[in-house]
Structures are given as C-alpha cells and as structure tokens.
Amino acid sequence: STLVEKIDTTAKLHIVTNESLKKLIVRYRIIGTTEWEEEEIIPVELEFDATLAGLIAGQIYEYQYVLEDDSGNQTVTEWEMV
C-alpha cells in the first residue's frame, strides 16, 4: 500500500509491502508526456519512504512501481496519479 504526500516540487511515497524486497523502481512522468523518470530504491524494511524530487509544481504526475523480491520475481503495479 502507498500513502502519497506532494508538496510543491517533491512527492513523498510511504510504501508498505508484505515481503522483503531486493529492489524497487519507481517510474514517474507528467501526465500526457512520453518521457519517464526512474528512481531505484534498495529497501531495507517492509515499510519505507521514497522521495521524488525535482517535480514541477502544479503538474499532475503518474507513477508505478516495479518490485523485485529476493528470488528475482518482479511485480509491476497499476498506474496511479500524484
């Protein structure tokens, strides 16, 4: 599950998983554009924060996660808006 807080040019994502992860990639972009930004995070716990900085104030972004567990299995989430 995710809790999102967007303040001006930064979005803070609070992420809770039910299994340990080896890697998490957050993909995000301004809605209507074609270029994606990616932020790779190495989680250390089942509950952690990710910060997306350098966003443009007043724009609506969409994002998704690519979650990879310790066995190498990947899960891609649906798109959400922030």
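Residues numbered from 1 in each chain as written. Predicted model: local features only at pLDDT ≥ 70, side-chain atom pairs only at ≥ 80, totals over all residues. Heavy atoms only, no water.

1. Topic: the pairing of strand 6 (residues 61-69)
Strand 6 sits mainly inside the fold: nine of its nine residues count as buried. The alternating pattern of strand 6 places Y61, Y63, Y65, L67 and D69 on one face and E62, Q64, V66 and E68 on the opposite face, and all of these are buried. Inspection of the sheet shows strand 3 (residues 21-30) paired to strand 6 by nine bridges, in the antiparallel sense. Across the sheet, the residue bridging to I30 is Y61, located in strand 6. Here strand 6 pairs with strand 8 (residues 80-81) via two bridges, running antiparallel. From the neighbouring strand, Y63 faces strand 8, where its bridge partner is E80. (Buried < 20%, exposed > 50% of the residue type's maximum accessible area, 1.4 Å probe, protein only. Helix = DSSP H or I, 4+ residues; strand = E, 2+ residues; numbered from the N terminus. Pairing = 2+ DSSP bridges.)

2. A few points about the side chain of T17
Locating T17 in the fold gives a position in the loop between strand 2 (10-16) and strand 3. Not counting residues within four places of it along the chain, the set of residues in contact with T17 comprises L46 and F48. (Contact = heavy atoms within 4.5 Å.)

3. Describing the environment of L24
Tracing the chain through its elements places L24 in strand 3. Residue L24 is classed as buried on the basis of its relative accessible area, which comes to 0%. Taking the C-alpha atoms as reference points, L24 and V66, separated by 42 residues in sequence, lie 5.7 Å from one another. For L24, the residues in contact, after removing those within four places along its chain, are I15, E39, E40, I41, P43, F48, Y65, V66 and L67.

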